[in-house]
Amino acid sequence: KFANVNGSGSTSANAMVMKAIFRMGVPVVGKNFFPSNIQGLPTWYEIRVTREGWRARSGRVDIMVAMNAETYSRDVREVSAGGCLVYDSTWPSNTLLARDDIRTCGVPFAQLCNDNFEGARARTLMKNVMYAGTLAALIDLDLEVIRALLAETFAKKPTLVESNMKAIEIGYRYAKENFDCPLATRIERMNATAGHIMIDGNTAAALGCLYAGATVGAWYPITPSTSLMDAFRSLCARHRVDPKTGKNDYLIVQAEDELAAIGVVIGASWNGVRAFTPTSGPGISLMEEFIGLAYYAEVPAVIFDVQRVGPSTGMPTRTQQCDLLACAYASHGDTRHVLLFPDSPEECFHMAVQAFDLAERLQTPVFVLLDLDIGMNDWMAPDFKWDDNYRPDRGKMLSDEQIAGLGKFHRYLDSDGDGIPYRTLPGVSPKAAYFTRGSGHNSYGVYTEDAAEYQEVMDRLVRKFGTAARLVPPATIEARGAQAAIVSLGSCDAPVREALASLRRSGTVIDYMRVRAFPFGAEVEEFLAAHQTIFVVEQNRDAQLRSLLTLETAVDKQKLRSILHYNGLPMPARCIVDGVNSALAKGVAA
Amino acid sequence: KFANVNGSGSTSANAMVMKAIFRMGVPVVGKNFFPSNIQGLPTWYEIRVTREGWRARSGRVDIMVAMNAETYSRDVREVSAGGCLVYDSTWPSNTLLARDDIRTCGVPFAQLCNDNFEGARARTLMKNVMYAGTLAALIDLDLEVIRALLAETFAKKPTLVESNMKAIEIGYRYAKENFDCPLATRIERMNATAGHIMIDGNTAAALGCLYAGATVGAWYPITPSTSLMDAFRSLCARHRVDPKTGKNDYLIVQAEDELAAIGVVIGASWNGVRAFTPTSGPGISLMEEFIGLAYYAEVPAVIFDVQRVGPSTGMPTRTQQCDLLACAYASHGDTRHVLLFPDSPEECFHMAVQAFDLAERLQTPVFVLLDLDIGMNDWMAPDFKWDDNYRPDRGKMLSDEQIAGLGKFHRYLDSDGDGIPYRTLPGVSPKAAYFTRGSGHNSYGVYTEDAAEYQEVMDRLVRKFGTAARLVPPATIEARGAQAAIVSLGSCDAPVREALASLRRSGTVIDYMRVRAFPFGAEVEEFLAAHQTIFVVEQNRDAQLRSLLTLETAVDKQKLRSILHYNGLPMPARCIVDGVNSALAKGVAA
Amino acid sequence: MSFISKPKVANPGLPQNELGLNRRDYEGAMSTLCAGCGHDSVTAAIVQAAYEMALPPQSVVKLSGIGCSSKTTAYFVAGAHGFNAVHGRMPSIATGANAANRNLRYIGVSGDGDSLSIGVGQLAHVIRRNLDMVYILENNGVYGLTKGQFSASADIGSKSKKGEANEQEPIDPVLLALALGASFVARSFSGDKEQLVPLIKAGLSHSGFAIIDVLSPCVTFNDHEGSTKSYAYVREHSDAPVAADYVAPQREISVSYAPGETLPVTMHDGSSIVLRKLDPDYDPTDRARAAGYVQQRAMRNEYVTGLIYVDQKRRDFHARHNTPDAALNGVPFERLCPGAAKLPKILASFR
Amino acid sequence: MSFISKPKVANPGLPQNELGLNRRDYEGAMSTLCAGCGHDSVTAAIVQAAYEMALPPQSVVKLSGIGCSSKTTAYFVAGAHGFNAVHGRMPSIATGANAANRNLRYIGVSGDGDSLSIGVGQLAHVIRRNLDMVYILENNGVYGLTKGQFSASADIGSKSKKGEANEQEPIDPVLLALALGASFVARSFSGDKEQLVPLIKAGLSHSGFAIIDVLSPCVTFNDHEGSTKSYAYVREHSDAPVAADYVAPQREISVSYAPGETLPVTMHDGSSIVLRKLDPDYDPTDRARAAGYVQQRAMRNEYVTGLIYVDQKRRDFHARHNTPDAALNGVPFERLCPGAAKLPKILASFR
Ligand SMILES: Cc1ncc(C[n+]2csc(CCOP(=O)(O)OP(=O)(O)O)c2C)c(N)n1
Ligand SMILES: Cc1ncc(C[n+]2csc(CCOP(=O)(O)OP(=O)(O)O)c2C)c(N)n1
Ligand code: SF4
Ligand code: SF4
Ligand SMILES: [Mg+2]
Ligand SMILES: [Mg+2]
């Protein structure tokens with residue numbers, strides 16, 4: 001774990017260490033705990049390395065690199081017994097809090113930087129690179145791997161490669177000379193990362209939008225969703241500019257706010273392109289009115305909600321799964337929406353594509369619910385696969401030929417019994433023209449205030465939602481016929497899997513279902529019916545997944561016991577293990 | 001039932017007929033079915049007169065006054081067998097659809113008007129007054145009562161009294177001369193309306209705001225809530241202008257939209273006045289972000305949601321109870337809000353007052369959920385009572401003395417264990433100063449991103465919601481120890497009571513609970529536990545009350561069977577009777 | 001209501017445009033507005049302009065918010081797709097629709113409440129985008145559909161039907177548009193077809209955002225004495241510093257004008273507007289001075305009408321985003337998806 | 001973070017104002033902004049103004065939205081209540097707060113994103129209300145807190161750190177305020193305390209809405225070459241047609257000015273500002289011409305600073321609502337509730 005000051009350039013150094021480990025074939029995951037601020041406040045970065053490749057927070061700190069005097073004392077306290085502390089010994093030692101149950105390696109980083117580098121900015125930057133070098137010595141990182149990484153990062157500025165490498169080596173040499181390296185906890189080369197990448201969920205989702213053929217993106221910047229649109233922009237700059245004409249096959253609108261962003265998405269989707277908007281909680285609240293319009297007027301829209309800690313502005317740089325209800329029932333009146341729950345960058349990539357297919361097939365808004373942990377942290381993921389046979393499902397959109405052959409067009413008729421009507425695009429023929437409105441309309445798309453005509457449309461929408469339950473990605477189920485089971489979603493998958501393993505080691509075998517979408521499919525019903533005790537694991541205060549299961553399945557709610565974690569940090573496996581064990585201790589059937 | 005064209009001035013004539021019946025001591029209720037338009041479209045007005053004083057729609061039409069050629073044919077069809085049809089015989093008779101099972105009284109209204117009055121506008125207006133006269137003859141209304149009513153309405157323009165009375169008499173005389181009057185279905189003087197008034201819910205709620213001491217109202221016009229602020233304004237003009245100074249002890253802000261309206265209410269409440277905003281569904285959606293701020297920063301706010309048909313713009317002039325979920329869980333993140341469910345103008349008056357007390361006591365937004373039926377239709381209500389001992393509950397607001405005696409002030413500490421912290425107002429002392437924010441804060445009101453500090457506040461808010469359940473008005477319960485029961489809310493009370501009576505006549509006795517607030521109190525739990533079969537009666541598609549009961553009580557959801565009505569017209573008793581009977585027929589325990 | 005729709009009689013007698021369509025072909029459903037409502041005259045002007053320009057009905061997209069004015073998109077060009085958005089948010093819908101297909105004509109209709117109260121933020125930002133559309137603001141100083149409350153454009157001193165006078169500074173869409181750098185700013189009066197029709201055509205031909213503030217009296221709630229948005233008041237208190245004649249593409253500018261006082265502006269689609277100066281020292285291409293001129297009149301509650309400011313050189317939304325000439329919604333998937341072949345290279349950057 | 005709060009040392013040495021308070025007493029929590037951020041200088045100017053005017057800390061209410069700029073209300077006058085609203089919606093909170101108690105001084109701090117992007121609608125309408133408050137817009141042309149995207153005030157041609165140039169028309173808060181009829185419009189620069197402090201005092205003394213657009217560079221994301229909101233650029237491209245000196249109440253206008261070129265404006269609270277014309281043909285009381293003047297400079301990406309327009313005669317929010325001089329939140333319940341006695345008469349009208 002690294003304790004730094006934000007804006008000091010530490011992130012890149014920490015990322016480099018992680019990348020080095022990854023390239024040495026060892027499974028790794030990084031979690032960044034940064035403040036909602038630009039420069040000067042404490043920030044931490046946790047790297048977890050395990051042979052098994054666990055992706056959750058471990059909760060224990062084996063090595064702490066304490067580079068921030070302000071948080072030094074609490075950082076020292078966090079180190080697990082037997083762990084190791086690396087700190088800047090240039091500080092007046094009275095600020096130090098000694099511990100004899102850990103190993104402390106003091107390195108005069110500030111001193112070394114002043115002696116070896118010019119300029120304040122350079123010195124702070126190099127301090128970060130230097131502790132990476134020290135760490136390299138302590139945990140036995142391959143300096144060549146690091147050199148290679150630097151070479152790539154500064155491909156355009158070779159001089160920087162040298163200066164950085166110099167800092168690395170200074171830190172490295174100092175460690176070699178003053179401590180016996182490497183530590184017991186060290187990196188041993190493995191071959192577990194071949195065929196894998198290190199990527200964050202927002203970037204993966206952006207890649208999905210690129211491959212799905214999305215051309216219009218509208219947004220208003222908001223942490224932690226901003227990097228999704230940043231990634232989409234740079235991907236498009238590379239892959240969506242026509243080499244011949246130099247024209248852009250994409251259009252990104254930075255709107256004035258979220259009300260406008262979702263409006264742009266609805267207008268664009270209505271007019272036949274694939275459009276999306278990335279946002280977070282406050283943005284969802286502002287989009288509520290438009291979401292109701294899209295639901296009732298039946299216009300596709302794809303919304304990525306990268307969840308952060310609520311309510312209100314909350315903690316913009318902390319993670320939570322707290323918008324489930326807000327999205328499922330968004331907007332006034334009787335509404336229900338389709339949600340997707342990716343658990344990893346890999347699913348962010350694929351579900352982004354599915355989201356567009358579902359939105360166009362169902363002619364309704366589709367929410368992809370990430371969270372800050374998935375969206376902004378670097379995860380190890382198997383290389384993404386792409387099938388060139390994939391073609392976008394544009395749903396029931398009448399082609400020009402179909403329109404030509406058409407007698408009369410009726411926008412909201414349920415011709416196929418699946419609750420999904422046919423749509424047309426502007427510009428083709430006067431015959432295809434219809435009026436889109438959020439006010440009362442009948443099956444023919446005509447304005448109405450007639451009770452029966454209104455109800456006919458509302459009842460069809462219920463049928464359509466039933467169709468949705470058959471189309472959304474099914475839950476992943478791992479059943480060994482146990483009586484007890486865990487039901488969870490999204491980023492909880494990492495701690496849940498780790499918890500399941502540790503429970504198994506202690507002799508408790510329970511089943512696991514990860515719901516991947518709302519509405520819930522038949523498989524969810526069956527799984528819930530088949531189990532006596534169901535632990536619903538989620539990262540919010542009010543048991544929102546449990547609420548959805550209670551309302552939208554036949555399950556007896558008594559069977560559902562919540563295991564909740566909502567303090568803004570990613571859920572650790574321990575919290576689940578304890579939750580399950582204490583329940584079993586209370587004699588709940590396992 | 002009257003079939004008219006809107007903008008033709010028919011409403012006042014219809015209201016006059018209703019008032020006349022009321023003054024003759026006979027229970028009456030009127031329901032207005034008008035289009036979302038200003039002039040020229042069909043509009044209907046139903047008056048129901050029953051000895052028992054039923055307030056719901058009956059569904060049957062005994063007398064139809066068909067004054068709109070455009071809707072004539074369907075109007076005729078609606079008349080119940082044995083009923084009576086009054087129409088304008090000036091129309092070319094080919095447009096007429098004859099029926100021999102009803103009595104048809106043709107009156108040449110247009111003709112008579114042209115012969116007796118000058119000017120197009122006057123003639124259309126007088127036509128309405130004239131059919132009132134005809135009706136007076138047919139159902140035996142007291143002309144003196146009508147004259148008195150006219151005298152009051154046109155107190156300032158006596159000439160109008162005469163011209164109107166003239167029209168009445170023409171219509172009256174024509175009926176006397178050409179049909180044998182009165183009909184079998186006629187008005188017989190009673191004494192059932194003494195000590196009662198005819199009033200709509202919006203006006204009653206405005207009166208409540210006046211009596212509660214609300215001084216700031218902020219709004220953006222939206223049907224069907226507009227008349228609430230209109231009423232508040234005229235009440236204030238009469239009762240809130242200081243006779244000495246001529247200054248206004250109130251301030252109404254017509255904001256630019258609902259986002260601003262709720263912002264004004266929050267800012268004003270934060271600064272120590274009682275403030276409110278009336279709105280409807282779309283407004284609620286736009287207020288979502290600010291509502292989350294008020295919940296998390298703990299600022300009082302009173303919101304009247306006069307519900308109309310959703311989703312989106314929906315049918316602005318039709319009624320529904322479709323915003324329960326949108327309000328209960330408004331805004332992103334973990335949030336829960338206090339709701340009140342008035343069933344009548346009388347409760348609108350009292351609950352308006354309670355809403356301010358609760359909002360200030362709990363320091364949180366409180367929603368009063370009316371609907372178009374309660375809000376805009378005229379209901380018979382017992383005279384409102386007011387207790388001069390009432391003093392506003394300002395909640396835990398530190399007085400200047402308390403602040404003076406204070407050591408240090410901490411905004412968000414749970415000093416009393418009820419989850420409710422103390423607040424201060426600006427302007428008193430630097431000691432009392434604190435910072436209000438929607439971002440992460442600790443119990444001392446200081447900005448935080450600390451996991452434990454954040455969670456401490458969130459957990460206290462749960463305790464506070466528990467306190468709310470003890471403070472809100474309890475459900476009204478009518479239990480005779482039956483196994484089956486109806487649970488309902490708000491304007492459903494009228495049809496439910498009528499349905500219970502008719503069920504009782506057919507030998508089925510079931511209990512009844514009307515929830516009056518959310519969160520639910522202990523009495524709701526007990527009632528639910530005590531019954532085998534529970535019919536949840538509500539006016540929306542998605543069983544929103546049933547959802548709240550399922551999520552927020554211990555009830556086994558299998559026991560809850562929905563009886564839903566959501567086509568935009570007020571629910572008739574028949575729909576409930578049928579729902580119950582068919583269930584019982586299926587062998588459900590009664 | 002669902003049962004109102006206009007009887008489509010074939011009218012062989014009526015004159016036809018280049019497409020062989022007559023004026024009736026550009027009409028829509030029957031209006032449900034009050035008899036005499038200014039908005040119906042604006043609708044008629046739009047029908048006239050579309051007919052005279054011989055626009056293929058399906059090449060038009062109609063957008064609006066919520067209000068009596070916003071209802072009118074249902075009353076013209078029945079053969080065009082229409083989108084009634086939510087209240088005050090039509091500009092964002094228009095932005096998205098236009099982004100998806102730049103090759104249609106976007107006609108937005110809104111009201112003063114829809115555009116200046118709840119919607120002023122979206123209006124301001126669609127102006128900044130210089131989105132290619134004509135935006136018709138049917139300005140009556142009140143919220144008609146909600147029965148006559150003052151809107152943000154009610155002038156100081158203007159009296160409501162109940163007699164109370166407005167004290168709040170009004171928002172003049174023309175001044176606002178000029179301050180925000182709109183590329184085409186005009187004002188007219190629902191009662192002045194001669195002026196309005198050519199302005200609508202010019203707006204449709206302008207490549208970029210063309211806003212036309214049309215004073216359109218509400219006969220039911222704001223046409224009384226004391227209202228500065230009544231027929232009588234507007235008629236008396238408006239004048240135009242320049243007159244604009246629209247000349248269709250491939251037409252010669254036939255009328256001969258005295259040199260100096262006229263200024264032909266060639267539009268994007270080859271048509272041109274000939275501006276005749278009625279006030280010699282007014283220059284419709286000088287934004288600062290135009291603003292000052294309108295400002296001075298506005299302070300006297302006088303309306304400057306006509307084509308107030310135009311700048312043809314400003315790049316529109318699509319030009320700024322460097323999109324292809326063809327509609328984005330027509331780009332084949334093959335061109336949009338990098339495919340399996342390119343994926344490894346992309347993934348390589350994440351190792 | 002929760003553990004940052006300034007060590008409150010007693011400074012007997014420091015000079016004191018009439019209330020016996022020194023400047024430190026008007027400071028707040030430690031700033032968490034980037035070193036060199038323009039916003040911190042604005043905070044210092046507010047502290048200076050409040051100290052010099054000897055405002056009782058509790059008589060001040062601090063309001064803001066969301067953004068780096070909006071955070072700064074925590075960094076001055078610790079003894080005043082503060083309200084961080086949601087993004088872009090501070091004006092409505094201010095309206096409500098002011099409605100409840102007109103006898104406090106309301107200081108709003110916002111950013112260009114908070115005020116001109118998401119918040120331009122609320123800004124426009126609080127201007128129309130002429131709400132009595134000083135509204136400080138810390139304008140840096142970017143969204144600082146979300147890491148440097150262009151805001152709505154980025155000038156045409158202004159380059160982002162990544163080098164892309166802005167093409168959208170900027171929103172100039174000064175032009176916007178003038179177009180919307182604001183009663184006090186000023187602009188300054190975070191680097192020019194001499195100009196800024198008196199303007200803040202004048203704004204606080206003005207009865208009505210006083211907007212001060214303060215160019216306040218973002219050193220982290222928008223202080224580079226090519227940015228028109230950088231320290232260097234602003235310094236070179238701004239000039240003031242009039243200089244404003246603030247003279248506290250009960251003080252004599254001591255300095256003697258050459259007649260003709262000066263214009264003392266007496267403020268609501270008895271203080272006065274003396275305007276010295278630096279540009280002879282500029283008149284800060286002529287809205288139309290002021291707008292034109294600013295417009296012309298703006299087109300050359302030049303900033304007109306100083307007190308640009310003031311109108312002391314405009315009635316403020318409370319005057320228009322005819323409320324009592326005492327705060328509404330102090331009116332005793334007895335005066336507000338008609339009581340049981342009046343009820344029968346009220347009910348009578350419903351029979
Ligand atoms: C969110 C929301 N708030 C309020 C309303 C109610 N409403 C409908 S139209 C309207 C004002 C329309 O005024 P304007 O745009 O001037 O149109 P006009 O009727 O005057 O032509 C309002 C307030 C609504 N439909 N949606
Ligand atoms: C509804 C909502 N959307 C987006 C955000 C994210 N956000 C926070 S501050 C900000 C922009 C701030 O820009 P500005 O007002 O110019 O302040 P600055 O940081 O530049 O001083 C944004 C987009 C938010 N907090 N709330
Ligand atoms: S109310 Fe006014 S704006 Fe609406 S239709 Fe009638 S006249 Fe027109
Ligand atoms: S990011 Fe810019 S605006 Fe924000 S604190 Fe840093 S310098 Fe100031
Ligand atoms: Mg209007
Ligand atoms: Mg900024």
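Preceding this section is the structure that the text describes.
The notes below deal with the structure included here. (Residues numbered from 1 in each chain as written. Chains lettered and ligands numbered in written order. Predicted model: local features only at pLDDT ≥ 70, side-chain atom pairs only at ≥ 80, totals over all residues. Heavy atoms only, no water.)

Considering the coordination of the magnesium ion (ligand 5)
All names here are of chain C.
Now for step 1: Each protein donor to the magnesium ion (ligand 5) is listed here as Asp 112 (OD), Asn 140 (OD1) and Val 142 (O); together their distances run 2.1 to 2.2 Å.
Now for step 2: Positions of the donor residues of the magnesium ion (ligand 5), expressed as sequence spacing, correspond to D-x27-N-x1-V. One end of the pair, Asp 112, is in helix α4 (residues 112–117); the other, Val 142, is in strand β5 (residues 142–143), and 30 residues separate them in sequence.
Now for step 3: The exposure class assigned to Asp 112 is buried, which follows from its relative accessible area of 2%.
Now for step 4: Of the residues examined, Val 142 reaches a relative accessible area of 4% and is grouped as buried. (Donors = N, O, S within 2.8 Å, 3.2 Å for Na, K, Ca; no water. Helix = DSSP H or I, 4+ residues; strand = E, 2+ residues; numbered from the N terminus. Buried < 20%, exposed > 50% of the residue type's maximum accessible area, 1.4 Å probe, protein only.)

Some thoughts on the sheet that holds strand β11 (residues 262–266) of chain C
Residue and element names in this part refer to chain C.
Now for step 1: Taking strand neighbours across the sheet as the criterion, the 3 strands line up as β10-β12-β11 in an open arrangement whose pairing is antiparallel. Whereas interior strands pair on both sides, the edge strands pair on one side only; in this sheet they are β10 (242–247) and β11. Neighbour-to-neighbour, the strand axes of this sheet turn through a mean angle of 20 degrees, independent of strand direction.
Now for step 2: With 6 bridges joining them, β10 and strand β12 (residues 272–277) adopt antiparallel strand pairing. If you follow Val 242 over to β12, its bridge partner there is Lys 277.
Now for step 3: With respect to the sheet, helix α7 (residues 193–205) is in contact with β10 and β12, its orientation differing from that of β10 by roughly 65 degrees. (Pairing = 2+ DSSP bridges. Axes fitted to C-alpha atoms, helices over the stretch in contact; angles between N-to-C directions. Contact = heavy atoms within 4.5 Å.)

A few points about helix α1 (residues 38–52) of chain D
Residues and elements named next belong to chain D.
Now for step 1: For α1, built from 15 residues, the straight-helix expectation of 21 Å at 1.5 Å per residue is met to within 8% by its first-to-last C-alpha distance of 21 Å.
Now for step 2: Of all 15 residues that make up α1, 11 are buried, and the element is covered over most of its length.
Now for step 3: Those residues of α1 not exposed but buried are Gly 38, His 39, Val 42, Thr 43, Ala 45, Ile 46, Val 47, Gln 48, Ala 49, Ala 50 and Tyr 51.
Now for step 4: Those residues of α1 that are buried are in contact with α2 (68–71), β3 (105–111), β4 (133–139), α7 (193–205), β8 (209–215) and α8 (231–237).
Now for step 5: Residue Ala 54 follows α1 closely and has a positive phi angle near 55 degrees. (Expected span 1.5 Å × (residues − 1).)

Quick word on the site of ligand 2
Now for step 1: Residues in close proximity to ligand 2 total 23 residues, the closest being Glu258(A), His39(D), Ser69(D), Asp112(D) and Asp114(D).
Now for step 2: The local environment of ligand 2 is shared, drawing residues from chains A, B and D.
Now for step 3: Contacts to ligand 2 include Gly113(D), whose backbone N or O atom sits 2.9 Å from an oxygen atom.
Now for step 4: Separating an oxygen atom of ligand 2 from a backbone N or O atom of Gly144(D) is a distance of 2.9 Å.
Now for step 5: Look at ligand 2: alone it shows 600 Å² of surface, and the protein chains cover 98% of it.
Now for step 6: Looking at the shell around ligand 2, the elements that each hand over two or more residues are α10 (281–297) of chain A together with α2, α4 (112–117) and β5 (142–143) of chain D.
Now for step 7: Among the elements that make up the shell around ligand 2, the one with the highest residue count is α4(D) (3 residues).
Now for step 8: Its residues assigned to classes, the shell around ligand 2 shows 10 nonpolar, 9 polar and 4 charged. (Near = heavy atom within 4 Å. Polar contact = N/O pair within 3.5 Å; in protein donor to acceptor, adjacent residues only side chain to side chain. Areas by Shrake-Rupley, 256 points an atom, 1.4 Å probe, with all protein chains shown as cover. Nonpolar A, V, L, I, M, F, W, Y, C, P; charged D, E, K, R; others polar.)

Points about the interface of chain D and chain B
Now for step 1: Counting residues at the interface gives 58 residues for chain D, matched by 72 residues for chain B.
Now for step 2: A combined buried area of about 5300 Å² lies between chain D and chain B, and 64% of that area is made up of carbon and sulfur atoms.
Now for step 3: If you sort the residues of chain D by the area they bury against chain B, His81(D), Phe350(D) and Arg351(D) come out on top, with a joint share of 15%.
Now for step 4: For the interface between chain D and chain B, the tally reads 4 salt bridges.
Now for step 5: A salt bridge links Glu334(D) to Arg391(B), with the nearest nitrogen and oxygen atoms 3.2 Å apart.
Now for step 6: Our count for the contact surface shared by chain D and chain B stands at 24 residue pairs in polar contact (both at pLDDT 80 or more).
Now for step 7: Secondary-structure elements contributing two or more residues to the side of chain D that touches chain B are β1 (60–64), β2 (81–84), α3 (90–100), α5 (120–129), α10 (317–321), α11 (333–336) and α12 (339–348) of chain D.
Now for step 8: Partitioning the side of chain D that touches chain B into residue classes produces 29 nonpolar, 22 polar and 7 charged. (Buried area = accessible area lost by both parts, 1.4 Å probe. Salt bridge = Lys/Arg side-chain N within 4 Å of Asp/Glu carboxyl O.)

Notes on the site of ligand 1
Now for step 1: The local shell around ligand 1 holds 23 residues, among which Glu258(B), His39(C), Ser69(C), Asp112(C) and Asp114(C) are the closest.
Now for step 2: Bordering ligand 1 are residues originating from chains A, B and C.
Now for step 3: Protein chains bury 98% of the 590 Å² of accessible surface belonging to ligand 1 in isolation.
Now for step 4: With 3 residues, the top contributor of residues to the shell around ligand 1 is α4(C).
Now for step 5: For the shell around ligand 1, a count of residues per class yields 10 nonpolar, 9 polar and 4 charged.

A look at the interface of chain A and chain C
Now for step 1: Contact residues are listed per partner, giving 72 residues for chain A and 58 residues for chain C.
Now for step 2: Around 5300 Å² of area is buried between chain A and chain C when both sides are counted, 64% of it from carbon and sulfur atoms.
Now for step 3: Our count for the contact surface shared by chain A and chain C stands at 4 salt bridges.
Now for step 4: Across the contact surface, chain A and chain C share 24 residue pairs in polar contact (both at pLDDT 80 or more).
Now for step 5: Elements with a minimum of two residues in the side of chain A that touches chain C: α1 (10–23), β7 (196–200), α7 (201–212), α8 (226–239), β9 (251–254), α9 (258–270), α10 and β15 (435–437) of chain A.
Now for step 6: Residue contributions to the side of chain A that touches chain C peak at 8 residues, all from α9(A).

Re unusual backbone geometry
Now for step 1: Residue Thr223(B) is joined to Pro224(B) through a cis peptide bond whose omega torsion reads 5 degrees.
Now for step 2: Take Pro224(B): it is sitting in the loop between β8 (216–219) and α8 (226–239).
Now for step 3: Across the junction of Phe518(B) and Pro519(B), the peptide omega takes the value 5 degrees, indicating a cis bond.
Now for step 4: Positionally, Pro519(B) belongs in the loop between β20 (517–518) and α17 (522–529).
Now for step 5: Located in the positive-phi region is Ser312(A), a residue other than glycine, with phi close to 50 degrees.
Now for step 6: If you trace the backbone, Ser312(A) turns up in the loop between β11 (301–307) and α11 (324–328).
Now for step 7: Within the chain, Ser331(B) stands out as a residue other than glycine whose phi angle is a positive 85 degrees.
Now for step 8: Residue placement: Ser331(B) occurs in the loop between α11 (324–328) and β13 (338–340).

Describing the side chain of Arg437(B)
Now for step 1: Note on placement: Arg437(B) falls in strand β16 (residues 435–437).
Now for step 2: Put simply, Arg437(B) is tucked away with no salt bridge, and the nearest opposite charge, on Glu449(B), sits 9.8 Å away.
Now for step 3: Looking at Arg437(B), its side chain comes within polar contact range of the main-chain oxygen of Gly445(B), at 3.2 Å.
Now for step 4: Once you skip the residues sitting within four places of it in the chain, Arg437(B) turns out to touch Leu293(B), Ala297(B), Gly445(B), Val446(B), Tyr447(B) and Asn84(D). (Lys, Arg positive; Asp, Glu negative; His and termini not counted.)

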